[in-house]
Structures are given as C-alpha cells and as structure tokens.
Amino acid sequence: TSYETLLVENRGPVTLVTLNRPQALNALNSQVLSELLEVTRAFDVDASQGCMVVTGSGKAFAAGADIKEMQAQGFADMYGHDFFAGWDQFTRTRKPIIAAVAGYALGGGCELAMMCDFILAADTARFGQPEVKLAVSPGMGGSQRLTRAVGKAKAMEMCLTGRMMDAAEAERAGLVSRVVPAAELIEEAVKTATAIAGMAPLAVLANKEMVNAAFETGLQQGVQFERRLFHGLFGTEDQKEGMAAFVEKRPGQWKGK
Ligand code: HXC
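The name given to the chain in an unreviewed UniProt entry is enoyl-CoA hydratase, with the source organism recorded as Sphingomonas lenta. Word for word, the UniProt comment on the chain under Function (unreviewed entry) is "Could possibly oxidize fatty acids using specific components." Looking at the Sequence similarities (unreviewed entry) heading of the UniProt record, one finds this comment for the chain: "Belongs to the enoyl-CoA hydratase/isomerase family."

See below:
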C-alpha cells in the first residue's frame, strides 16, 4: 500500500513509518491520522512484524497538529466530531511502537511521541507544548502524558509558557529513554526495535500491557495485574522454550504461543 503522508517500509520484522509532509514540518492533519491508523492496525495483526518505529525528518518529528486545518473550526465542529478522538485508537495498538525523534516535536508532535511506548531522541530533538501561544491547549493527551512523564513543575512550565526542552533536558527529566547522535537515530531505533521483535511475542505484549497498567492503577492492583499476566505466560510454549534455551545455552526459537 502507498500513502500520501507516510513512507512505510518493513526492515525485517520492524515496520518503519516515516511521517512525510515536509512542506508542513509533518503537521498532523486528518489524513496523517487516518493513514497512521491504517498502518498500525495492519501492523498489529501482521505476525511477521514485531515492533514499529515512527519517525519524522531531520528537522521535525512533527511540528504539531495542523494549525491550518484547525483554524476555522468552531466549538460545535471540534466537540461535535470529538476532534482528535481518533488518536486514542493509536494508543490501543498492542505491539510496541518506538518514537524516534529528531528536530521539533511540538504540540501534537510531542503528544504523538508520548503516545508511543518510548521515545528515542536524537541530540537535535526539541520537545514542547506551545499550544498556549495559539490561545488553545494540548488536545491529544499532552497535559496528562507530559505531566506523568516529567512531573508537574516542568509540565506546568512548558504548557504555560510554550518553552521547549532540548534532548539533554528531556533525558534528565525522563521524557526520553536515551539520546543518540542524530546521524545514528534511525539505525539505533531499528536496532532496538529488532531486538524487541526478536523476543517471544506474547511476552512482549504482556510486558507492554503491564508497564502501561502502572499509569492506570494503584500500586497493589498494578502488582496484582503484573503477577497474573506473569502467571499466564507459564501457560505458553515459549516460556518452556525460553527457559530450556537458557539452560542449554542457546538462543530461543519462538512460536508465539
Ligand atoms: C500547519 C505548520 C505547522 C503546524 C509548521 N507549519 N508547523 N503548518 N500546522 N503545526 C508550516 C508553516 O506554516 C510553514 O508553511 C512550514 O510548515 C515551515 O514552517 P516555518 O514556520 O516556516 O519553519 P521555521 O521558521 O523553521 O519554524 C519551525 C517551527 C514553527 C518553530 C516548528 O513552524 C512553529 O512554531 N510551528 C508551529 C508549532 C506549534 O504551535 N505547534 C502546536 C500546534 S497546535 P508555509 O506554507 O508558510 O511554508 C497542536 C495541538 C493542538 O499541535 C491541540 C489543540 C487544538
């Protein structure tokens, strides 16, 4: 399938998705959303694909939601059509998605990066929620996910002033898992995604689900959820294989069951 706003390529078991609206610094319009949802749905059910990487250009991961698309909309349009609700679908993807961010990740771009399971940043990455400058606010989860990621002080300052964080600050604050030189970003992201795709598939799903549960539950409930999923993995053939392979000092051969 070919897309107008995305480049999609399979690098072995990794689906590499590149946002491709350079004329608008990858601003996220309705078409980007619908194409991205189509790709993630296909990815989630494709047994040959184990991890996705979403990236942008060297200049911009994405400079936000598309301001030109939103400009003329009124409350009835936005609320009536629950504008941005489609992005919730993206977060329901069960397999892991890594955001590989170089350049600007602003507004909806920062929010999209935070909807991914973790963010790998190039040293050129800059994160911000500048919506207040447009007399609006984050609308794709930024006020919630940024606050959970970096705490109230930084999130509040960023949302109220629109100040950007550079890659080093983002790493110190826990927004990104690692910073790598810009020239190595894609290679490093694909390498990391390939490692994930090489793990037993059901264990990957369970690990993602339980880490995400930390954001939805209290500690005791979260620990219980983890333990039940952990118990469940002992019903898989891959658990037998994984532990046998360790004992026999060889790589595991996964069946995904
Ligand atoms: C639509 C955008 C855009 C956006 C950039 N462009 N960001 N178009 N929506 N979010 C377009 C510009 O209009 C311009 O098109 C082209 O991309 C290049 O951008 P420049 O501004 O010329 O580039 P530069 O001077 O290098 O500045 C880069 C920038 C700046 C600092 C990233 O573009 C910028 O501030 N962008 C907006 C960032 C922002 O406010 N994001 C939040 C959006 S609101 P032309 O046609 O002029 O060449 C959001 C959430 C909304 O995301 C939720 C509430 C509803």
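Next comes the rest of the account.
(A) Region of interest: the site of the ligand. Taken together, 23 residues are adjacent to the ligand, and Lys59, Ala65, Ile67, Gly108 and Ser137 come closest. In this structure, a nitrogen atom belonging to the ligand sits 2.9 Å away from a main-chain N or O atom of Ala63. Gly108 is positioned with one of its backbone polar atoms (N or O) 2.7 Å from an oxygen atom of the ligand. In isolation the ligand has 1,000 Å² of accessible area, and contact with the protein removes 65% of it.

(B) Structural view of the pairing of strand β3 (residues 51-55). Most of β3 sits inside the fold, with five of its five residues counted as buried. Here β3 shows no split at all, with Cys51, Val53 and Thr55 on one side and Met52 and Val54 on the other all buried. Two strands pair when backbone bridges link them, and strand β2 (residues 14-19) and β3 are joined in this way by five bridges, in the parallel orientation. Bridge pairing in β3 links Thr15 to Met52.

(C) Fine view of the packing of aromatic side chains. A full pass over the atoms with the stated rule returns four aromatic pairs. On the numbers, 5.1 Å between centres and 15° between planes, the contact of Phe75 with Tyr79 is stacked. In this pair, Phe75 and Tyr79 both sit in helix α3 (residues 75-80), four residues apart, roughly one turn of the helix. We classify Phe75 as exposed; its relative accessible area is 63%. Among the residues examined, Tyr79 registers a relative accessible area of 62% and is labelled exposed. Look at Trp87 and Phe90: their rings are 6.5 Å apart centre to centre, the planes differ by 70°, and that puts the pair in the edge-to-face class. With a gap of three residues between them, Trp87 and Phe90 both fall in helix α4 (residues 87-91), about one helical turn apart. Residue Trp87 is classed as buried on the basis of its relative accessible area of 3%.

Calculation rules
The numbers attached to residues start from 1 for each chain and follow its sequence in the written order. In keeping with the predicted nature of the model, local features appear solely for residues at pLDDT of at least 70, side-chain atom pairs appear and are counted solely at 80 or more, and the whole-chain, interface and lining totals rest on all residues. Water and hydrogen atoms play no part in the side-chain values, which are based on all heavy atoms of the structure. UniProt positions are given in the numbering used here, feature names are shortened, and annotations may be inferred rather than shown by experiment. If even one non-hydrogen atom of a residue comes within 4 Å of a molecule or strand, that residue is called near it. Between N or O atoms, a polar contact is any pair within 3.5 Å; within protein, one atom must be a potential hydrogen donor and the other a potential acceptor, and residues adjacent in sequence are included only when both atoms are from side chains. Method for areas: the Shrake-Rupley scheme with a 1.4 Å probe, in which residue coverage is limited to the protein chains shown. Under the scheme applied here, a residue whose accessible area is under 20% of the maximum for its type counts as buried, over 50% as exposed, and between as partly exposed, the area being computed with a 1.4 Å probe on protein chains only. Where helices and strands are cited, they refer to DSSP runs of H or I of at least four residues and of E of at least two residues respectively, numbered from the N terminus. Here, a strand pair is defined by DSSP locating no fewer than two bridges between the strands. Classification of ring pairs uses Phe, Tyr and Trp, with its six-membered ring standing for Trp, and accepts pairs whose centres are within 6.5 Å; under 30 degrees between planes counts as stacked, over 60 as edge-to-face, and the remaining range as tilted.

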